[in-house]
Amino acid sequence: MRTTLKPAALRALVGKLAGRRVVVTGDLILDAYVRGTVRRISQEAPVPVVTVDGESQALGGAANVAENIRALGGVVRLIGVVGADGAAAEMRQVLDACGLATDGLMVDTQRPTTRKLRIIAQSQQVVRVDREVVTPISSSLRARLAAAVTKELAQAHALVLSDYGKGVFSRELIRLLIAAARRRGLPVLVDPKIEHFYQYVRASVMTPNTNELAGGVGRALKDYAAQLAAGQRVLQRLKLEALLVTRGPDGMLLLEQGREPFSIPTVARTVFDVTGAGDTVISTLALARAAGIAYPAAAMLANCAAGIVVGKLGAVSVTPQELRQAI
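These numbers were taken from a predicted model, which means no experiment stands behind them. (Residues numbered from 1 in each chain as written. Predicted model: local features only at pLDDT ≥ 70, side-chain atom pairs only at ≥ 80, totals over all residues. Heavy atoms only, no water.)

Enquirer: Break down helix H2 (residues 62–71) for me, with residues and values.
Expert: For H2, the tally of buried residues reaches nine of ten residues, placing the bulk of the element in the interior. All buried positions along H2 are accounted for by Ala62, Ala63, Asn64, Val65, Ala66, Glu67, Asn68, Ile69 and Ala71. Positive phi shows up at Gly73, right after H2, with a value of about 100 degrees. (Buried < 20%, exposed > 50% of the residue type's maximum accessible area, 1.4 Å probe, protein only. Helix = DSSP H or I, 4+ residues; strand = E, 2+ residues; numbered from the N terminus.)

And the structure:
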């Protein structure tokens, strides 16, 4: 039976996250929010009428991973693809406001910037409208992205592949980036999509949720025993160092090569919105591994960070002070 670290020991590790350099690449998403109130039902159709009180934009996908790393004190290089449209301009504005560089954004004139618009009334999501194209990006653009990431790895402590299935990743690109990072001895952390599930061979750690794990192995995983067995098979098949399965209200399951499973209970007191929780997990885990923190402690830090964001509305980031307080 593995033992957990005491709170004081975990809090002491938070300071080690500062200054770690992480390269993040993957699918960039702009999260847009329209907030308002509902007082009546439309006469045109049986749907609520939302009177708008305010609008905002936030970073999603790989961009949210980058913002989470920055907020925790890391130094991040973000590389991804946007369209030649207004959503791309809005994303650059949000990145600038967060203090994140935009020179790693590559423009594809043949596709829109992925944008998810959420309409929220009385703190409840009424509808979500997605604008996206998920066909693969061109081979020439993929080559540019690979070259840019490989160049940045020379100054990095870790690489994150944030796969939202929007067309950036291919089998060849995944293999190339993992190999480039591993040659430098860098940890490679993957937030997976089902369609690429068995292509992340020899990454350091993958962070699927239970639905992604079930989709990856092709069957329902109704209990802990089934999740454990499936996770062990994935760990061996992909030759990973570790697999961190996020299990919602049941916490997390950490599997490592040659070590017994480590079950981590959730620390979330209330679950208000799970948007961006997976981004928070991999961001915290990436910084911790970049700092040389062992997987069990890194997973515990990620669990505490996730417990913070699910208690807030929308994709939000966590500061070192908030993380220490949560611990």
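There's more to say after this.
Enquirer: Requested: an account of empty space enclosed by the protein, with residues and values cited.
Expert: In this structure the tally under the stated criterion is two cavities of 30 Å³ or more. Of the volumes computed, that of the largest cavity is approximately 100 Å³. Its residues assigned to classes, the lining of the largest cavity shows seven nonpolar, four polar and three charged. Looking at the second largest cavity, its volume works out to about 40 Å³. When residues of the lining of the second largest cavity are traced back to their parent elements, those giving at least two are strand S1 (21–26) and strand S4 (75–82). (1 Å grid on protein atoms, 1.4 Å probe; cavity = no way out; pocket = protein on both sides within 12 Å on 5 of 7 lines; lining within 4 Å. Points joined across faces, edges and corners; volume = space filled by probe spheres on them. Nonpolar A, V, L, I, M, F, W, Y, C, P; charged D, E, K, R; others polar.)

Enquirer: How would you sum up a nonpolar patch on the surface? Please name residues and give values.
Expert: A contiguous nonpolar patch, built from Val126, Val127 and Val129 and spanning about 210 Å² of accessible area, is present on the exposed surface. Residue placement: Val129 occurs in strand S7 (residues 124–131). By relative accessible area, Val129 is classed as partly exposed at 43%. (Patch = residues over 30% accessible without salt bridge, like charges linked within 9 Å, V, L, I, M, F, W, Y side chains within 5 Å. Areas by Shrake-Rupley, 256 points an atom, 1.4 Å probe, with all protein chains shown as cover. Salt bridge = Lys/Arg side-chain N within 4 Å of Asp/Glu carboxyl O.)

Enquirer: Quick one: what's the story with the packing of helix H6 (residues 210–217) against helix H7 (residues 224–237), residue by residue and with numbers?
Expert: Contact pair H6 / H7: the axes reach a minimum separation of 10 Å and the direction vectors enclose 65 degrees. In the packing of H6 onto H7, the handedness of the crossing is left-handed. Of the residues in H7, those in contact with Thr210, Leu213 and Val217 of H6 are Gln227, Ala230, Gly231 and Val234. In terms of residue class, the contact of H6 with H7 is built from four nonpolar, three polar and no charged. (Axes fitted to C-alpha atoms, helices over the stretch in contact; angles between N-to-C directions. Left-handed = near helix turned anticlockwise from the far one by under 90°. Contact = heavy atoms within 4.5 Å.)

Enquirer: Got a sec to walk through unusual backbone geometry? Specific residues and values, please.
Expert: In the Ramachandran plot, Gln122 falls in the positive-phi region, its phi being about 50 degrees despite a non-glycine side chain. Checked against the element boundaries, Gln122 lands in the loop between strand S6 (114–121) and S7. Residue Gln122 is classed as partly exposed on the basis of its relative accessible area of 47%. Here the phi dihedral of Lys239 falls at roughly 55 degrees; this positive angle occurs in a residue that is not glycine. Within the secondary structure, Lys239 is located in the loop between H7 and strand S11 (242–246). Overall, Lys239 belongs to the partly exposed group, its relative accessible area being 45%.

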